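Residue-level listing of the chains:
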Amino acid sequence: MGDHHHGPAQGLSRWLFTTNHKDIGTMYLWFSFAMFILGGAFAMIIRAELFQPGMQLVEPAFFNQMTTLHGLIMVFGAIMPSFVGLANWMIPMMIGAPDMALPRMNNWSFWILPPAFLILASTLFMEGGAPAFGWTFYAPLSTTYAPPSVTYFIFSIHVLGLSSIMGSINIIATVMNMRAPGMTYMKMPLFVWTWLITAFLLVAVMPVLAGAVTMMLMDIHFGTSFFSAAGGGDPVLFQHVFWFFGHPEVYIIILPAFGVVSQIIPAFSRKPLFGYASMVYATAAIAFLSFIVWAHHMYTVGMPIAGELFFMYATMLIAVPTGVKVFNWITTMWRGSMSFETPMLFSIGFLVLFTIGGFTGLMLSIAPADFQYHDSYFVVAHFHYVMVAGAVFSMTAAVYYWLPKWCGRMYNETMGKTHFWISFIGFNVTFFPQHFVGLAGMPRRIPDYALQFADFNMMSSIGAFIYGASQIMFLYNVIATIVAGKPTSDEKVWDGAEGLEWTVATPAPYHTFETPPAVR
Amino acid sequence: MIRVSKNPTVDTAAKLVAVAIGMFAFVFVVMVPLYDVLCDALGINGKTDGSQYTSVPVAIDDSRTVTVQFVATNNEGMPWEFGPSVTAMKVHPGAVNDTVFFARNPLSKDMVAQAIPSISPARAVKYFHKTECFCFNQQPLEANAKAEMPLQFIIDQDLPKDIQTITLSYTIFDVTDAVSGSLAAR
Ligand code: HEM
Ligand SMILES: [Cu+2]
């Protein structure tokens, strides 16, 4: 490569062969947004079918394919890659590094992702249809009773898992080796910290997911019986392996979101983050605990009472470090000179709604009560509060917060705030009623339901259409900003923002920190 | 700390690759066997261990009577007629008991079946010993053939006093394809 001072290459090859962390970050962000729209479209089909009781729009089999693909695409295609994109953009700029530690691998970890999802989406057109066994793909639904397309599904999980592992290795290598002199670990911005810990989680559990799908593959094609009782295996084993991955996975999704809010709330409160060190330790504690609580997803499989109790108390324990974080954010705002630009609105929205999701999580963690809640819409409400109002809201906040830095143009604040309020209302109208129908006994993943659930479901559907539509406004705002937003060249776009990323020019030049900055 | 490479980035990356490979292996060499071991040791899942019990001569405890119920279930799509010859027996702990299950293959093709046992309450698993069971092996039956399948068991004298009824349930699976595929089941 030799000359490091050239600008980006021209045309398509710029994107295909780029090793620039900003280019790769941008591609991740756009890709994840495309997946967000696709997964969202599937959700609209689900909510349209559930608008009224009875079967009106789609076949039950297709409905199941929609719930499955919606979940898979949102988790693995939208949320995870969006945060990897953000990590690519921001981590080098936050720690004063010129680029990621392994730029070529970075290119690979992005470019294997679109084919993986192309394969996954193409299963819709295959004989027997797309996977219809839910995003948790429990055996034997995903083995003995799976459609033939399951093999493609397995392959795509392998590939996207590989991509995640490569991305995480890159992030860890960058944070451990590329920090500017003076940037000690305990000076790193919290977003970098949460991502460092997330990356370790990913390296530890994505291979477990790969192991789970590999066992499925062997059961389906090579005559083994890991999950088949007939051959001495056990379907419950699948659930243990899956959730050993799956529970850390939910923290993989939320920890970077914690990092984002920990950057934004201080900026708009014009006060440093309260309790920085406790935030770091709380993140580490959450990550550790996430390995010993997986069976709270399996209270009803028939565990011994000691197991139920262990997993119940361990799960409740997670609420402690999580509570530390929530209190720290609130204390950061306390007596700050706060202002409420769009990123701050989304962060406060995150704080309020994530806390609700945390509380429903606590309700679910009570083993005897979970027998009632399990596999009902109550669980659906819980995880959408933590994943949508948690991860997606914080990701949206991040885009509004850093977009001016990325492209040197200001987004339309009025439209941003409108987007927030419509999202906030749409989200709550969609998911709050699901708590009620869940408690009243409406099971999840069904295309039809009993009449008494009709009103709340109609509300849910209307809310979902509102929330979905508001994302179009978001897309419009971002594009309008990039092509015609009001130019800004302030290094500090936000007067309260702190951190190395705000010391470089705006828009951020193609190469930053080729000579390391001085860190106080 | 061991150094894999002088280049610190390569060093970090190599170690992480090792961790990832290790975790993949962990699933197969730790999680799967550990699951089986734990289920056996704790007797959870109602799984009895699939092996034969060599009886140790013990006194028969005539003072106690335990009811053993037999349940037979066909896995989805399994066409055999399959059931116990008696639905319940009253037995004394320590005594050797015999019974038979019968099976008939109604189809005009040869088939192979595997019966999978399960015991409830799960706490009783440790105390239910099978000295002979058709479930230890796969059961081939020719087209339209019938068979009587023996079961011999002993209830341990240490069975907790509060357990008065034990249910032994068999689910029968069609494994014809898996066997003809000739790749041995695990
Ligand atoms: C205070 C923290 C939390 C607690 C105590 C908690 C507890 C639980 C419990 C017990 C369940 C199982 C419910 C059931 O299936 O019956 C559950 C489900 C779930 N949780 Fe949480 N949770 C917490 C936070 C989170 C976070 C932060 C996320 C992700 C960002 C999350 C994502 C999920 C998902 C996706 C499911 C459903 C999985 C499925 O079956 O499809 N949870 N949670
Ligand atoms: Cu969990």
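Below is a summary of the structure that appears in this document.

Rules and cut-offs
Residues numbered from 1 in each chain as written. Chains lettered and ligands numbered in written order. Predicted model: local features only at pLDDT ≥ 70, side-chain atom pairs only at ≥ 80, totals over all residues. Heavy atoms only, no water. Buried < 20%, exposed > 50% of the residue type's maximum accessible area, 1.4 Å probe, protein only. Helix = DSSP H or I, 4+ residues; strand = E, 2+ residues; numbered from the N terminus. Pairing = 2+ DSSP bridges. Core = buried A, V, L, I, M, F, W, Y, C linked by side-chain atoms within 4.5 Å. Contact = heavy atoms within 4.5 Å. Near = heavy atom within 4 Å. Polar contact = N/O pair within 3.5 Å; in protein donor to acceptor, adjacent residues only side chain to side chain. Nonpolar A, V, L, I, M, F, W, Y, C, P; charged D, E, K, R; others polar. Donors = N, O, S within 2.8 Å, 3.2 Å for Na, K, Ca; no water. Expected span 1.5 Å × (residues − 1). Bend = angle between axes of the 7 residues up to and from the residue. Disulfide = S-S within 2.5 Å. Axes fitted to C-alpha atoms, helices over the stretch in contact; angles between N-to-C directions. Patch = residues over 30% accessible without salt bridge, like charges linked within 9 Å, V, L, I, M, F, W, Y side chains within 5 Å. Areas by Shrake-Rupley, 256 points an atom, 1.4 Å probe, with all protein chains shown as cover. Salt bridge = Lys/Arg side-chain N within 4 Å of Asp/Glu carboxyl O. Phe/Tyr/Trp six-rings, centres within 6.5 Å; stacked < 30°, edge-to-face > 60°. Lys NZ or Arg CZ within 6 Å of the ring centre and 35° of its normal.

### What to know about the pairing of strand E5 (residues 111–120) of chain B
All names here are of chain B. For E5, the tally of buried residues reaches 8 of 10 residues, placing the bulk of the element in the interior. Pairing of E5 with strand E9 (residues 165–174), which is carried by 8 bridges, proceeds in the antiparallel orientation. By the bridge assignment for E9, Ala113 is matched with Asp174.

### With respect to the nonpolar core
Within the largest apolar cluster, 186 residues are counted, with the highest numbers of intra-cluster contacts made by A:Phe76, A:Leu86, A:Phe117, A:Phe153, A:Trp195, A:Trp329 and A:Phe350. If near-sequence neighbours (up to four positions away) are discounted, A:Leu86 is found in contact with A:Leu29, A:Ile91, A:Phe191, A:Val260, A:Met395, A:Ala398, A:Trp402 and A:Trp406. In this structure, B:Phe70, B:Leu151, B:Ile163 and B:Tyr170 belong to the second largest nonpolar core, which totals 33 residues.

### Section: the site of ligand 1
Residues and elements named next belong to chain A. Looking at ligand 1, there are 23 residues lining it, with Trp135, Asp370, His374, His382 and Arg444 nearest. At 2.7 Å, a side-chain N or O of His374 approaches an oxygen atom of ligand 1. One of the side-chain nitrogen or oxygen atoms of His382 is found 2.9 Å away from a nitrogen atom of ligand 1. Elements that contribute at least two residues to the shell around ligand 1 include exactly helix H8 (235–269), helix H11 (342–365) and helix H13 (377–407). The biggest single contributor to the shell around ligand 1 is H11, with 6 residues. Of the residues contributing to the shell around ligand 1, the split by class is 12 nonpolar, 9 polar and 2 charged.

### A word on the coordination of the copper ion (ligand 2)
All names here are of chain A. Around the copper ion (ligand 2), the protein contributes the donor atoms His247 (ND1), His296 (NE2) and His297 (NE2), at 1.8 to 2.0 Å from the metal centre. The sequence motif formed by the donor residues of the copper ion (ligand 2) is H-x48-H-H. Between the copper ion (ligand 2) and the iron atom of ligand 1 the interatomic distance amounts to 4.6 Å. On the criterion of sequence distance, the pair formed by His247 in helix H8 and His296 in the loop between helix H9 (276–289) and helix H10 (305–333) is long-range, its members being 49 residues apart. You'll find His247 and His296 in the same group, each marked buried.

### Focus on helix H7 (residues 190–221) of chain A
Residue and element names in this part refer to chain A. The end-to-end C-alpha distance of H7, which contains 32 residues, comes to 45 Å, matching closely the 46 Å that a straight helix rising 1.5 Å per residue would cover. Maximal helix bending in H7 amounts to about 30°, located at Val203; proline Pro207 follows within four positions. Gly223 occupies a position one or two residues after H7 and carries a positive phi of about 75°.

### Focus on the state of the cysteines
All names here are of chain B. Tallying each qualifying case throughout the model produces 1 disulfide over all chains. With a sulfur-sulfur separation of 2.3 Å, Cys133 is cross-linked through a disulfide to Cys135. With the S-S bond torsion at 130°, the cross-link from Cys133 to Cys135 turns out right-handed. Across this residue pair, the class does not change: Cys133 and Cys135 are buried.

### Quick look at the sheet that holds strand E6 (residues 128–133) of chain B
Residue and element names in this part refer to chain B. Strand order across the open sheet formed by 4 strands is E2-E4-E8-E6, with antiparallel pairing between neighbours. This sheet does not close on itself; its edge strands, each paired only once, are strand E2 (81–84) and E6. Geometrically, the sheet is characterised by an average inter-axis angle of 25° between neighbouring strands, direction not taken into account. Strand direction decides the pairing type here: strand E4 (residues 96–104) and strand E8 (residues 146–155), joined by 9 bridges, are antiparallel. Pairing of Ala103 across the sheet is with Ala147, part of E8.

### Some details on a nonpolar patch on the surface
All names here are of chain A. On the surface, Met176, Tyr185, Met186, Phe200 and Tyr281 cluster together into a nonpolar patch covering about 470 Å² of accessible area. Along the chain, Phe200 falls in helix H7. Accessibility expressed as a relative area gives 39% for Phe200, which makes it partly exposed.

### Some remarks on the packing of aromatic side chains
Evaluation of the coordinates by the stated rule reveals 66 aromatic pairs over all chains. When the centroid spacing of 5.1 Å and the interplanar angle of 80° are considered together, the rings of A:Phe310 and A:Phe311 count as edge-to-face. Taken together, a centroid distance of 5.4 Å and an interplanar angle of 55° make the contact between B:Phe24 and B:Phe28 tilted. Residue B:Phe24 and its partner B:Phe28 are located together in helix H1 (residues 8–42), separated by 4 residues, close to a single helical turn. The ring of A:Tyr185 has A:Arg179 sitting right over it, with the charged end atom 3.9 Å from the ring centre.

### Some words on the side chain of A:Asp23
All names here are of chain A. Summarising the element assignment, Asp23 is placed in helix H2 (residues 21–49). Taking the relative accessible area as the measure of exposure, Asp23 reaches 2% and is therefore buried. Of note is the side chain of Asp23, whose polar atom sits 3.0 Å from the side chain of Thr18. At a separation of 2.4 Å, a polar atom in the side chain of Asp23 contacts the side chain of Tyr510. With sequence-adjacent residues up to four places away left out, Asp23 is seen in contact with Arg14, Trp15, Thr18 and Tyr510.

By themselves, these figures tell us nothing about what the structure is for.
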